[in-house]
Amino acid sequence: MERFLRLSLGLLLLATGLGLLLRLALVVPVPFLVFSHALHAHSHTLYFGWAALALFTLFFERVGASDAAVRRALWLVVAVSLATFVAFLHSGYGRPGVLVSASSLGVWGVVVTLFLRRARGRRELDVAWLRVAAWYVVVAVGAALARVALLVTKQDALWGQLAVAAFLTTFAGFFLFGLVGLFARFLAERGAPLDERLLRWQLWWMTPLTALTFPLGVPGAMQTPLGPLSRVAAVALVVPAALWVANLWSASRHLASTVRLVVRSVAVAWALKAILETGAAFGLTALAASSRHAVILLLHLVLLGVVSAALLLLLGQRLGRPSPGALLVHQFGVAVMTAGLLLVVGATTAGWPGGRLGLWLAFAGGAVVVAADGVLTALLLRRAVHLGPSAARR
Ligand code: HEM
């Protein structure tokens, strides 16, 4: 199973390296880079090959499943992630990209079914979070199928965009639910347990509402009946977000100081995400309509500052080298990238000076993240080579 975790780290570096090139291409011309092709290769590989592969490997481990069928399913995820990277980089949403994407939906079906079967009968609260995470993948697959149907029937572009947003939101929801479950276990094992009552209540609250927020940020969506619903959901989600941040903060008191800082930086990024999403419910979506950078800012705050940082902490722990120092540098890079994008959003929507500086800052922040993750991966791989898999597990 460790091999899958190491492969997910390799895919993280490959696809964030490409993300860095994309960032550079937004400031200076980058020869040979087809932006739209690279963009799809970047986002799909990070969703499937980084976060989803690492999460599902940890999910299966949590329920003690590492049998041949599980390993075959995880190999399928690796194969489909690599194929997605190559196909999108080569020809974007051409025929190969569409074919690989379509086949990836089948792979998710297999992985989720297998996980739900292996988790059957488990009553632990953290496993309940993982189960909801798996169901979120099912909803994401449904959204992707709806997108295909809308493309084939050439329906209104707005509904196509809504289907893409639904896919991105529910797949990111899978990351968030999965991470809460894995974090609950991680903290309990380190003598820093979360308050179970709050955690159970948060699960009930977040499960229906998270999926409903997908129209936020889609231009024109507020005029559909889904718009007001997404606003109400975003506002209502403030309550579980506040409880979660407080719960995490308080439990982290019992951790060693650098790990505590990493956990608290994840809590801060989560709180910022909740504030921005509430802002979106009260009109910040207008920013998204006039500046794509606003959407990219929120997306990367969540995917890098919450999902990747938390996952890297769990992976480091699992592979025997937590490296919280490198993770703090990762979080610093995310903060610089976010500040840069904020400047760009201000420049494009309110005429602030410094738009170009913001683009360079976003690039510099991205470079710091890639460098920190590179060091962390090198440390983990070196340890694995020196000690062998069984020693790394100990
Ligand atoms: C250092 C790390 C990263 C850098 C430098 C980076 C850079 C970028 C850039 C430049 C864009 C395009 C922006 C635009 O079109 O204006 C982008 C889009 C995107 N990135 Fe990243 N990214 C990073 C990490 C990640 C991670 C970890 C994930 C997911 C787990 C991710 C998912 C996405 C998604 C979903 C999009 C939007 C794709 C679309 O609209 O089609 N990125 N990224």
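Structure's up top.
Residues numbered from 1 in each chain as written. Predicted model: local features only at pLDDT ≥ 70, side-chain atom pairs only at ≥ 80, totals over all residues. Heavy atoms only, no water.

Helix and strand counts for the protein chain stand at 13 helices and zero strands. Mapped from its N terminus to its C terminus, the protein chain presents α and β elements in the order α-α-α-α-α-α-α-α-α-α-α-α-α. With respect to the principal axes defined by its C-alpha atoms, the protein chain has extents near 55 × 45 × 40 Å. Split into buried and exposed, the 394 residues of the protein chain put 54% on the buried side. (Helix = DSSP H or I, 4+ residues; strand = E, 2+ residues; numbered from the N terminus. Buried < 20%, exposed > 50% of the residue type's maximum accessible area, 1.4 Å probe, protein only.)

Attention now goes to the side chain of Thr 45. By the secondary structure assignment, Thr 45 is in helix α2 (residues 35-62). Non-local contacts of Thr 45, meaning those with residues more than four positions away in its chain, are made with Leu 11, Ala 15, Trp 50, Ser 81 and Phe 85. (Contact = heavy atoms within 4.5 Å.)

Turning our eyes to something else, we now look at a nonpolar patch on the surface. Together, Trp 249, Val 268, Leu 272 and Ile 275 make up an exposed nonpolar region whose accessible area comes to about 370 Å². The residue Leu 272 is located in helix α10 (residues 257-290) in this model. (Patch = residues over 30% accessible without salt bridge, like charges linked within 9 Å, V, L, I, M, F, W, Y side chains within 5 Å. Areas by Shrake-Rupley, 256 points an atom, 1.4 Å probe, with all protein chains shown as cover. Salt bridge = Lys/Arg side-chain N within 4 Å of Asp/Glu carboxyl O.)

This part is about α10. An α-helical segment advances 3.6 residues per turn. Residues three or four places apart therefore align on the same side. Taking 1.5 Å of rise per residue, 34 residues should cover 50 Å, yet α10 covers just 42 Å from first to last C-alpha, more than 12% shy of that figure. Helix geometry: α10 is bent most strongly at Phe 282, by close to 90 degrees. (Expected span 1.5 Å × (residues − 1). Bend = angle between axes of the 7 residues up to and from the residue.)

Applying the stated criterion across every chain yields a total of 10 salt bridges. Residues Glu 124 and Arg 62 are paired through a salt bridge, measuring 3.8 Å at the closest nitrogen-oxygen approach. Linking Glu 124 in the loop between α4 (95-118) and α5 (125-152) with Arg 62 in helix α2, this pair joins segments that are 62 residues apart in sequence. The class for Glu 124 is partly exposed, based on a relative accessible area of 29%. Residue Glu 277 pairs with Lys 273 through a salt bridge whose shortest N-O separation is 3.1 Å. Of this pair, Glu 277 and Lys 273 both sit in helix α10, four residues apart, which is roughly one turn of the helix. Side by side, Glu 277 and Lys 273 carry an identical accessibility label, which is buried. Through salt bridges with shared partners, a single network forms among Arg 62, Arg 122, Glu 124 and Asp 126.

Along the polypeptide, Ala 79 turns up in helix α3 (residues 68-91). Its relative accessible area of 44% is what places Ala 79 among the partly exposed residues. As a C-alpha pair, Ala 79 and Val 100 span 21 residues in sequence and 10.0 Å in three-dimensional space.

The next subject is the site of the ligand. If you check the shell around the ligand, you find 23 residues, and the closest are Leu 39, His 42, Leu 46, Arg 292 and His 300. In the model, a nitrogen atom of the ligand is placed 2.9 Å from a nitrogen or oxygen of the His 42 side chain. In the model, an oxygen atom of the ligand is placed 2.9 Å from a nitrogen or oxygen of the Arg 292 side chain. For the shell around the ligand, the secondary structure elements donating two or more residues are α1 (2-25), α2, α11 (292-318) and α13 (355-393). In terms of residue count, α11 provides more of the shell around the ligand than any other element does, seven residues in total. (Near = heavy atom within 4 Å. Polar contact = N/O pair within 3.5 Å; in protein donor to acceptor, adjacent residues only side chain to side chain.)

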